[in-house]
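Reading the structure
Listed here are the chains, written in short residue letters.
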Amino acid sequence: MTTSPRSVAVLSRSFSKHPVLRAELQAKYPQALFNDTGRTLAGEELIAFLRGHDAAVVALEKIDDATLAALPDLRIISKYGVGLDNVDLAAAARRGIRVGWEGGVNRRSVAELAIGFMIAGLRGVITSHEEIKAGTWRQYRGRQLGAVTVGLLGFGHVGRDVAGLLRAFGTRVLTHDIRDVSAPAAELGVEVTDLDTLVAQSDVISLHIPNTTATRNIFGADRLAAMKPGAVLVNTARGGLVDEDALKASLASGHLSAACFDVFAFEPPQDMELFNTTGFIGTGHIGGSAEEAVVAMGRAAIAGLDKATDPLSFIPSWAA
């Protein structure tokens, strides 16, 4: 049986500034502390904010073993948002800290952005916009989403939702996942394949995997070069999955026609040259920020404070 927290600190900026979520949390925990700085906290500032509290609502902030070691009072971590790759689950388990998380609560919000990116990339929306600003008027000859092959790297909550949306377009969809996803893939008419085949055959590749030691820069220069000429790369998952220098070179050479990213290795992005590269469009980690998704994630995080459990239960057997 879990014990409800006594003192809650909310790191998430979007949760903290949302009036509905703020009121709902305060109704349960009147002394809740909110991050009203407008900044993502890190390092000593993050530790100082959480110090003395036994529960934390975290978003993308890095919660590693060193951070946990400096917070002896912390007993519960509840996640606001998708994925737990920013929380050291093994370290939390060693320290007796429980974790609350509900997967997939923002999947439709992220999936819709991924679909929008695919269409923008295939139809030359980015290039046409920039050309008009530069004084060039021409009809960009793109492709319809239903006429291409889309590869989904990762077939979890978001990947499956993207696949479901793509059925309306009649798109051929491939997927690769390190887990056995044959059953849900079959239900959605998706072909399961190896990574090399997915890369070689896809006109659009959309990333839906966490950032781990195994996936970091999984799309480096060699894998980008193995993509089909004129292909589109979409990343609404995590920064650090793509070598951004290699991506610039691939776009500049014309090998890739477009890349549409919502996430970056460093946020806010430090490389403005990437944003000035023809065919690239970037957004500010807005995938899960549709109003409906924000409320759903916030309520899941509030529930997670009372439902927190053994963090090792969130580590899949294939990743243990």
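Scroll up to find the structure this text is about.
The following refers to the structure shown. This one's a predicted model, so the numbers in the text were calculated from it and none came from an experiment. The residue numbering used here restarts from 1 in each chain and proceeds along that chain's sequence as written. Totals for whole chains, interfaces and linings use all residues, but because this is a predicted model, local features are given only for residues with pLDDT of at least 70 and pairs of side-chain atoms are given and counted only at 80 or more. Processing note: side-chain calculations cover all non-hydrogen atoms of the structure and skip hydrogens and water entirely.

Re the sheet that holds strand β5 (residues 98–100)
Pairing is parallel across the open sheet formed by five strands, whose spatial order is β2-β1-β3-β4-β5. Of all the strands in the sheet, just β2 (33–34) and β5 have a single pairing partner and so form its edges. As paired elements, strand β4 (residues 76–79) and β5 share three bridges and run parallel to each other. Residue pairing across strands places I76 opposite R98, the latter belonging to β5. Packing against the sheet, helix α14 (residues 291–307) makes contact with β1 (8–10), β3 (55–58), β4 and β5, and its axis sits at approximately 160° to β4. Criterion used throughout: strands pair if DSSP finds at least two bridges between them. Starting at the N terminus, helices and strands are each numbered in turn, a helix being any DSSP run of H or I of at least four residues and a strand any DSSP run of E of at least two. In what follows, a contact means two residues having at least one pair of non-hydrogen atoms within 4.5 Å. All axes here are fitted lines through C-alpha atoms, helices being fitted over the stretch that makes contact, and every angle between N-to-C directions spans 0 to 180 degrees.

Observations concerning unusual backbone geometry
The peptide bond linking E267 to P268 adopts the cis configuration, its omega dihedral lying at 0°. Looking at the secondary structure, you find P268 in the loop between β11 (256–261) and α13 (272–275). For H285, which is not glycine, the phi torsion reads 55° and is therefore positive.

Some words on the sheet that holds β11
With parallel pairing, the seven strands of this open sheet are ordered in space as β8-β7-β6-β9-β10-β11-β12. Two strands close off the open sheet at either side, each with one partner strand: β8 (191–192) and β12 (280–282). As defined by bridge partners, strand β9 (residues 204–207) adjoins strand β10 (residues 231–235) across four bridges and the pair is classed as parallel. Residue pairing across strands places L207 opposite N235, the latter belonging to β10.

A look at the pattern of salt bridges
By definition here, a salt bridge exists when the distance from a side-chain nitrogen of Lys or Arg to a carboxyl oxygen of Asp or Glu is within 4 Å. Enumeration over the complete set of coordinates arrives at 18 salt bridges. R6 is the salt-bridge partner of D54, the closest N and O atoms lying 3.6 Å from each other. With D54 in the loop between α3 (43–50) and β3 and R6 in the segment before β1, this residue pair connects regions lying 48 residues apart in the sequence. Accessible area is worked out with a 1.4 Å probe on protein chains only. A residue is then buried under 20% of its type maximum, exposed over 50%, and partly exposed in between. Judged by relative accessible area, R6 falls into the exposed class, the value being 71%. The salt bridge involving E130 is made with K133; its shortest N-O contact spans 3.4 Å. Linking E130 with K133, this pair stays in helix α7 (residues 125–133), spanning three residues, or about one helical turn. For E130, a relative accessible area of 41% corresponds to the partly exposed category.

Things to note about α3
All of the buried residues in α3 are L46, I47, F49 and L50. Buried residues in α3, looked at end-on, bunch into an arc of 160°, giving them a common side. Structurally, α3 contributes buried residues whose contacts are with β1, β2, β3 and α4 (65–69). Following α3 by one or two positions, G52 adopts a phi angle in the positive range, close to 90°. By construction, the arc corresponds to the directions joining the helix axis to the C-beta atoms.

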